[in-house]
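# Working through the structure, step by step
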Amino acid sequence: MTPDVIVAGGGVIGTAIAHQLARRGARVTVLDHAAPGQATAASAAMIAPDADAGIGPLRELAVESARLYPALCAELLDRTGLDSGLRENALLLVAWSEEDERDLRRRRHRLEQAGVASAWLDPGRLRDVEPALAAGLQGGLHLQGQRQVDAPALLHALSRAAADLGVSFRSEEAHRLVIEGDRVTGVQAGANKLSAGEIVIAAGAWSGSLAADLRQPMPVRPIRGQMVGLSPPTSLLRTMCFSSHVYLLRKAAGWIYVGATEEDVGFDSSPTAAGVRDLLSGAVALAPALEQAKLSHVAAGLRPATPDGMPVIGRMPGWSGITIATGHFRDGVLLAPITAELVGDLVEHRRPRLPVDAFDPARFLLRAA
Ligand SMILES: Cc1cc2nc3c(=O)[nH]c(=O)nc-3n(C[C@H](O)[C@H](O)[C@H](O)COP(=O)(O)OP(=O)(O)OC[C@H]3O[C@@H](n4cnc5c(N)ncnc54)[C@H](O)[C@@H]3O)c2cc1C
């Protein structure tokens, strides 16, 4: 049966889109050949719209997406019996120096202007809230009301729910787009030419090469993020704890996620000795008891980054039958539910529920002109 929509890419963005489109009654096929370096698999999966004190359309997207999470995870649990690991977790941003403290106090001011309450903790109070922290910290900013999920569990639940709604998943790479006149009519996947009324490019850091068939600038590039998993001998960490060097959070299974590097090294998704060394030394400096933890695993993912730091969500200008959703950089898990809803609206030629002008792929065309 010919699908209505082909989604190229089965990370959290492509799978959330497939799930959303299937909920709306579309016949959907997802293509993914499991490229090494999928960002979703390595993600810390914080659902923390207030971790960055940005303002404007991206913040609006982040806040709305975070709001959608509890209902989405409840729906996935209901449909599949699979738990995505959603749980409340406060955020603690710590200062090592007076300069860090000044930065955090400025951030607190911006958060207040956005209506977000936070508390400044002096060094004594800091270690009441997070006893694992090192001595000698200058203070910290404490924000309630943030969350995290388990990224692999979420992806599994989304895929199962999508499959239950009729989505077909194929282990194939979309090699190129099939174009007829000004219309994209399908994708070439190996020897197979697959046709659909609508194509969605959601191939993360790899999206640019598919979009290249449209002869339009799509400057999405990979930024490698390495992480380390640690298993401490006793339960450690109540908060998702950020210093300027590393962040630490306890995942539901009890291990500690140490993140993350940001490296512009192309499509190389191998963890490195230098990356792991920096993460471990930052982690132990922040929470000294981690010195006794067992190293459980190391991973790296390629975040899809854009020159202006904004995601790309929109129909491709000058073409019909094609929509793109990528460039979510450090926030793709957070932004997956709202991205899926916006793409659902765009594919159905409906007015998106939030303004998407700031994320329009046409902005790269204008800059290149
Ligand atoms: C270390 C690290 C920590 C992070 N922490 C957070 C966090 O706390 N919170 C948060 O919100 N975000 C976080 N992120 C960012 C988030 O993980 C990404 O923004 C998000 O996973 C991007 O999802 P995606 O589906 O666009 O890309 P990916 O997850 O990379 O998926 C893209 C998929 O496309 C497939 N593909 C590629 N080319 C093709 C093709 N031609 N045909 C078919 N399939 C193709 C690939 O195999 C891959 O599976 C983190 C990322 C990293 C690396």
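If you're wondering where the values come from, they're calculated on a predicted model, not measured in any experiment.

### Considering the overall build of the chain
The helix and strand inventory of the chain stands at 10 helices and 20 strands. Here the C-alpha atoms of the chain give a radius of gyration of 21 Å, agreeing with the 21 Å that 2.2 N^0.38 yields for 369 residues. Based on the C-alpha atoms only, the size of the chain along its principal axes is roughly 65 × 40 × 40 Å. Within the chain, contacts between residues separated by at least 24 positions form 74% of all contacts whose residues are at least 6 apart in sequence. Summed over all atoms, the accessible surface of the chain reaches about 15,500 Å², with 51% contributed by carbon and sulfur.

### A few points about the packing of helix H3 (residues 57–80) against helix H6 (residues 151–164)
The geometry of H3 relative to H6 is characterised by a closest axis approach of 9 Å and an angle of 60° between their N-to-C directions. Judged by the inter-axis angle, H3 sits oblique to H6. Helix-helix and strand crossings are classified by hand; for H3 and H6 the assignment is left-handed. Residues Tyr69, Leu72, Leu76, Arg79 and Thr80 of H3 touch H6, and the partners they reach there are Leu154, Ala157, Leu158, Arg160, Ala161 and Asp164. The residue makeup of the contact of H3 with H6, split by class, is seven nonpolar, one polar and three charged.

### Examining the side chain of Thr15
By the secondary structure assignment, Thr15 is in helix H1 (residues 12–23). Accessibility expressed as a relative area gives 0% for Thr15, which makes it buried. Other than its neighbours up to four places away in sequence, Thr15 contacts Gly9, Gly10, Leu155, Leu158, Ser159 and Phe169.

### Things to note about the sheet that holds strand S6 (residues 119–121)
Pairing in this open sheet of eight strands is mixed, and the strands run S6-S7-S5-S15-S16-S17-S14-S18 from one edge to the other. Looking at which strands have only one partner, the edges of the open sheet turn out to be S6 and strand S18 (294–305). Going across the sheet, the axis of each strand differs from the next one's by a mean of 20°, ignoring polarity. Across two bridges, strand S15 (residues 240–242) lies against strand S16 (residues 247–250) in antiparallel orientation. Its bridge partner being in S16, Cys241 is matched across the sheet by Leu248. Helix H4 (residues 98–113) contacts strand S5 (91–95), S6 and strand S7 (139–143) of the sheet and is inclined by roughly 145° relative to S5. This element, helix H8 (residues 273–286), spans S5, strand S14 (221–231), S15, S16, strand S17 (256–259) and S18 of the sheet and lies at about 50° to S14.

### A look at H4
Taking 1.5 Å of rise per residue, the 16 residues of H4 would be expected to cover 22 Å, and the 23 Å separating its terminal C-alpha atoms lies within 8% of that figure. Residues of H4 that are buried: Asp100, Glu101, Leu104 and Leu111. One side of H4 carries all its buried residues, which in axial view fall inside an arc of 95°. Relative to its buried face, H4 has exposed residues pointing more than 90 degrees away, namely Glu98, Glu99 and Gln113. As for H4, its buried residues are in contact with S5, S6 and S7. Where H4 terminates, the next one or two residues include Gly115, which has phi positive at roughly 80°.

### Concerning the domain arrangement of the chain
Under the domain assignment used here, the chain contains domain 1 (5–80 + 151–219 + 308–368) and domain 2 (89–145 + 221–305). In this structure, domain 1 and domain 2 have C-alpha centres spaced 28 Å apart. Each side of the interface is counted separately: domain 1 has 24 residues, and domain 2 has 27 residues. Here domain 1 meets domain 2 over a buried area of about 2,100 Å², counting both sides, of which 65% is carbon and sulfur. Remark: the boundary between domain 1 and domain 2 carries one salt bridge. One salt bridge in this structure joins Arg330 and Glu262, with 2.8 Å as the shortest N-O distance. Summed over the shared surface of domain 1 and domain 2, the result is seven residue pairs in polar contact (both at pLDDT 80 or more). By residue class, the composition of the side of domain 1 that touches domain 2 is 13 nonpolar, seven polar and four charged.

### A word on the pairing of S7
Summarising burial for S7: five of the five residues are buried, a large majority. On S7, burial covers both faces: Gly139, Leu141 and Leu143 on one face and Gly140 and His142 on the other are all buried. Across five bridges, the pairing between S5 and S7 is antiparallel. When the sheet's bridge partners are listed, Leu91 is paired in S7 with Leu143. Two strands pair when backbone bridges link them, and S6 and S7 are joined in this way by three bridges, in the antiparallel orientation.

Definitions and cut-offs
Here the residue numbers are simple positions, counted from 1 along each chain's written sequence. Only residues with pLDDT of 70 or above have their local features reported here, since the model is predicted, and side-chain atom pairs are shown and tallied only from 80 upward, although totals for entire chains, interfaces and linings are computed over all residues. Calculated side-chain values reflect all of the structure's heavy atoms, with hydrogen atoms and water omitted. Helix numbers and strand numbers start at the N terminus; a helix is a DSSP run of H or I with at least 4 residues, a strand a run of E with at least 2. Each radius of gyration reported is based on C-alpha atoms, and the globular scaling rule is 2.2 Å times the count of residues to the power 0.38. Residue contacts are defined here by distance: any two heavy atoms, one from each residue, within 4.5 Å place the two residues in contact. In this description, accessible areas are obtained by the Shrake-Rupley approach with a 1.4 Å probe, and a residue is regarded as covered only by the protein chains that are shown. Inter-axis angles, ranging from 0 to 180 degrees, are taken between N-to-C directions of lines fitted to C-alpha atoms, where helices are fitted over the stretch in contact. Should an angle lie under 35 degrees it is considered roughly parallel, over 145 roughly antiparallel, and from 65 to 115 roughly perpendicular; all remaining angles are considered oblique. Note on convention: near helix rotated counterclockwise from far helix by under a right angle means a left-handed crossing. Clockwise means right-handed. Any residue outside Ala, Val, Leu, Ile, Met, Phe, Trp, Tyr, Cys, Pro, Asp, Glu, Lys and Arg is labelled polar, Gly included; the first ten of those are nonpolar and the last four are charged. The rule is simple: take the accessible area with a 1.4 Å probe, protein chains only, and divide by the maximum for that residue type; under 20% is buried, over 50% is exposed, in between is partly exposed. At least two bridges found by DSSP between two strands are what make those strands a pair. Expected helix span is computed as 1.5 Å times (number of residues minus one). Throughout, the arc means the angular range of directions from the helix axis out to the C-beta atoms. By convention here, the domain bounds are inherited from an automatic or database domain assignment. Note on definitions: buried area is the accessible-area loss of two parts on being combined, 1.4 Å probe, summed for both. When a carboxyl oxygen of Asp or Glu is within 4 Å of a side-chain nitrogen of Lys or Arg, the pair counts as a salt bridge. As used in this structure description, the phrase polar contact means that two N or O atoms lie within 3.5 Å; if the pair is within protein, one of them must be able to donate a hydrogen and the other to accept it, and residues adjacent in sequence are counted only when both atoms belong to side chains.

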